[in-house]
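Take a look at the letters that make up each chain.
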Amino acid sequence: MTEDRVFRNHPSVILRNVISACVFIGLIIVLNMGSSVEDGGWVPYVALVLVVVAAAVAVISYYIWRKTTYTFTSEEIVIRVDTAFKKLNHIQYSKLASVNVRRGILNHLFGTSILMFNVNSSVNAQSAEGTLTLKKEIADRLRDELNSMIFQKEITLQEDLQVPTAIHISNTDIILHGFLAQPTISSIFGVLATIYAIVMIFFGSSGGLISALFLFFIGEVIPIVTSILKYYNYRIYRVDDTITIECGMINNYRSSFKVNKVNSVRIREPLLARAFHMATLEAEVVGLAGEEAIPILCPLKRRFEVEALFRNIIPEFCDDSMELVHQPRVALVPMVVGQVILAVVVIPILYILYKVLFVELRGYDGFIADLVSFGIIAAMVVSVVLMVGYVGLAQSHRMFARGEEVFLFVHGSFDLNTEYIMYDKVQCTCVMSGLIARRFGLSRCTVNLMSSTGFKQIVSGYFHSPDLESVGEEVVARIGDGRYDYRRFY
Amino acid sequence: MNKDFDVDEEGLTIDGYHVLEPVSKKAMYLRNGIGFVILALVVAIIVVYRRDIFVEQVDLGMSATMAVFVLLTVYLIVAPSVYYRRYRYRMDDDKVEVRKGIITITHDMVPIERVHQVNVSRGPINRRYGLANVLVTTAGGTVSLSYLEEDLAESIATKLNEKIIEMLKKRD
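Residues numbered from 1 in each chain as written. Chains lettered and ligands numbered in written order. Predicted model: local features only at pLDDT ≥ 70, side-chain atom pairs only at ≥ 80, totals over all residues.

Visitor: For this particular structure, what's the right way to read the overall build of chain A?
Guide: When its secondary structure is counted, chain A shows 14 helices and 21 strands. Relative to its 490 residues, chain A shows a buried fraction of 34%. A fraction of 61% describes how many contacts in chain A between residues 6 or more apart in sequence connect residues 24 or more apart. (Helix = DSSP H or I, 4+ residues; strand = E, 2+ residues; numbered from the N terminus. Buried ≥ 20, exposed ≤ 12 C-beta atoms within 10 Å, placed from the backbone. Contact = placed C-beta atoms within 7 Å.)

Visitor: Help me out: how do you make sense of the confidence of the model for chain B in this one?
Guide: Detailed reading of the predicted coordinates is not advisable wherever pLDDT falls low. Per-residue pLDDT for chain B has a mean of 88; in total, 97% of the residues score no lower than 70. Per-element averaging of pLDDT across chain B places helix H2 (residues 50–54) of chain B at the bottom with 81 and strand E4 (residues 105–111) of chain B at the top with 95. (pLDDT = per-residue confidence, 0-100.)

Visitor: Could you clarify how one ought to interpret the packing of helix H1 (residues 23–48) of chain B against helix H3 (residues 58–86) of chain B in this entry?
Guide: Helix packing for two helices is described by the angle between their axes and how far apart those axes are. All names here are of chain B. Relative orientation of the contacting elements H1 and H3 amounts to 175°, with a least axis distance of 9 Å. In terms of their interaxial angle, H1 and H3 are classed as roughly antiparallel. Together, Ser24, Lys25, Met28, Tyr29, Asn32, Gly35, Phe36, Leu39, Val43 and Ile46 of H1 and Thr65, Phe69, Leu72, Thr73, Leu76, Ala79, Pro80, Ser81, Tyr83 and Tyr84 of H3 make up the contact between the two elements. Grouping the constituent residues of the contact of H1 with H3 by class yields 13 nonpolar, six polar and one charged. (Axes fitted to C-alpha atoms, helices over the stretch in contact; angles between N-to-C directions. Parallel < 35°, antiparallel > 145°, perpendicular 65-115°, else oblique. Nonpolar A, V, L, I, M, F, W, Y, C, P; charged D, E, K, R; others polar.)

Visitor: For this particular structure, what's the right way to read the interface of chain B and chain A?
Guide: Often, the extent of an interface is quoted as the loss of accessible area on bringing the components together. The interface of chain B with chain A comprises 21 residues on the first partner and 26 residues on the second. Breaking the side of chain B that touches chain A down by element, the ones donating at least two residues are E4 and strand E7 (141–149) of chain B. Tallying contributions element by element places E4(B) first for the side of chain B that touches chain A, with seven residues. For the side of chain B that touches chain A, the per-class residue count stands at seven nonpolar, seven polar and seven charged. Inspection of the sheet shows strand E18 (residues 426–433) of chain A paired to E4(B) by five bridges, in the antiparallel sense. By the bridge assignment for E4(B), A:Cys430 is matched with B:Asp108. (Pairing = 2+ DSSP bridges.)

Visitor: Looking at this structure, I do not really get the domain arrangement of chain B. What am I missing?
Guide: All names here are of chain B. Annotation of chain B at the domain level lists domain 1 (18–84) and domain 2 (89–171). Taking only C-alpha atoms, the centre of domain 1 and the centre of domain 2 are 30 Å apart. Facing the twelve residues of domain 1 at the interface are ten residues of domain 2. No other element matches H1, which puts six residues into the side of domain 1 that touches domain 2. Across the side of domain 1 that touches domain 2, the residue classes break down as seven nonpolar, two polar and three charged. (Domains from an automatic or database assignment.)

Visitor: Which parts of the structure should I look at to understand the nonpolar core?
Guide: Taken as a class, soluble globular proteins show a tendency for nonpolar side chains to be buried jointly. Formed by 78 residues in total, the largest nonpolar core has its most connected members in A:Leu115, A:Val406 and A:Ile421. Ignoring any residue separated from it by four or fewer positions in sequence, one finds A:Ile421 in contact with A:Ser264, A:Val406, A:Phe407, A:Val426, A:Val447 and A:Ile458. Residues B:Ile112, B:Leu131, B:Val136 and B:Ala153 belong to the second largest nonpolar core, which totals 25 residues. (Core = buried A, V, L, I, M, F, W, Y, C linked by C-beta atoms within 7 Å.)

Visitor: Explain the packing of helix H1 (residues 12–31) of chain A against helix H2 (residues 43–67) of chain A here, please?
Guide: Residues and elements named next belong to chain A. As a packed pair, H1 and H2 sit with axes 8 Å apart at the nearest point and diverge in direction by 145°. In this structure, the crossing between H1 and H2 has a hand that is right-handed. Between H1, through Val13, Ile14, Asn17, Val18, Ala21, Cys22, Ile25, Gly26 and Ile29, and H2, the contact on the second element is made entirely by Val46, Val49, Leu50, Val53, Ala54, Val57, Ala58, Ser61, Tyr62 and Trp65. Across the contact of H1 with H2, the residue classes tally to 16 nonpolar, three polar and no charged. (Left-handed = near helix turned anticlockwise from the far one by under 90°.)

Visitor: Got a minute to help me understand the sheet that holds strand E3 (residues 76–82) of chain A in this structure?
Guide: Each strand in a sheet pairs with another by means of backbone hydrogen bonds, the pair being arranged parallel or else antiparallel. All names here are of chain A. Judged by pairing direction, the sheet is antiparallel, and its four strands sit side by side in the order E1-E2-E3-E4 without closing on themselves. Each having just a single partner strand, strand E1 (5–7) and strand E4 (86–92) make up the two edges of the open sheet. Mean inter-strand twist for the sheet, computed between neighbouring axes without regard to direction, equals 15°. Here strand E2 (residues 68–72) runs beside E3; their pairing, made up of five bridges, is antiparallel. Residue pairing for E3: Thr71 is matched across the bridge by Val78.

See below:
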């Protein structure tokens, strides 16, 4: 950029703030009205409150909008907020990790795009360092210019759109992803909420039904719908060292990041998806923020297709020379002991619950008391089954492997994660061995990485202590002998 | 305990680790003593209000409470001695390492290249015994060298800071 350019947010941000505030305040009022909702006399008062809120927010937003400028110099972006709360934020182009685009409903209506500036930092990882709403054409042009500086990309957005996707993901795949790619614990929660809702319908309890439906929506419906809306029309491509992901049904997302900002790549297989030999591919990227913090490189597909995409889109993390080591059989001992200790805690709690409820339900008719008793006993049996299942699945799947540049942990039990981690991205390691594991010379290793959400810990299964110690030693050795070159990651 | 914890004239173990000074054990006992007083207060409150808390299962509830109380008390008494005997740390040009633990033994390793920040902190208990903690922060987490003598903590922090500055200068 040869000369300084000054931008302001598109005025539609004022409307966005007004709508958000009105919806928020309106919801709070309605939720607090309780039974008086049925009598319609409240409408004029709520309308009046909303008008006052809208006017106040509009005035404040207009004032902030007038006083906020974004100056693009040859070196940096300067965000200046000249209100009562003064703010001056300098974002150097050299510190920018990505410039992402998001388009919501209002953006579609006004023909605008939101540019999100993300820096290489774990401190500001929860949200973008700065956001700027501009007319779509201006935003696209600006993003192209910034991307050419960050990623040394020569092609423009228009040319970007011509690049074919690295894998064909149909919208049916995305719907399947919404249902099957949820973590098993969320699915179990959703199923329990569904059962609870059915039982409440059966007993005709309206209060219980509302709570059950609320839990069902929170636990099952919202994650599925959100996932489908977000990943609809999915495509991914790589140009030189830059990976770009585009998706979205209502809100459109376009995230770009450099391969050298990827810390680890994960093949994730939730239990239900594994039954169909399906998996997803995800990356831990530093410098992305908000909803795009952990980009999905491949929504749910057959495992072999995911592996093929992995080799194609990010071969830096593939190492065919790695020899997979299964968790030793003796690891069953500390795992079983751990589960027995858990059972010793869980089963008495359930038993006490059973006794307490048994006393409470003495006055109720036999069927309800029987049903609750059955539920508690079923919970005890299911707990034991889950504990046995956890040990069995963990033992049969957990693995560890070391390669030249990357190492691999397969961890988890019901949901499996195959994590490919670069030695050069490891911040620190912790090898830990409990009372029982020590007797067998076994340990677990926690690897700490910088991540998009601050920092991330990845924990291995049980392996021989010297093998796990070698991870930290290799990290230090690579720094010492020069195989680690910090310039590769800037 | 095996001979891994024996120290030579320079105060180093066979594998070059430093061990803590005996005064650190006093700080640990004092800290656990305070922990015991808080625990005893909680148990006393439970005993006073046992009928309200456990309703019709008073005997069962009180047995469980007393069992937990005894277990935690034993732990608070035994822990400092075990922690002190197992605590080892070492620092060279490349890395900082800490081995410690009571039930679970951990071995933390931080490459100095990854260190972002070094803090020395002194809480009221540590101050009473002239001790301090060194908190080594990386972009991916922190590791603490605890119960060090104040001068030693300061010198470790200074050395680490010097190494980081030297490394950054080389990069410039």
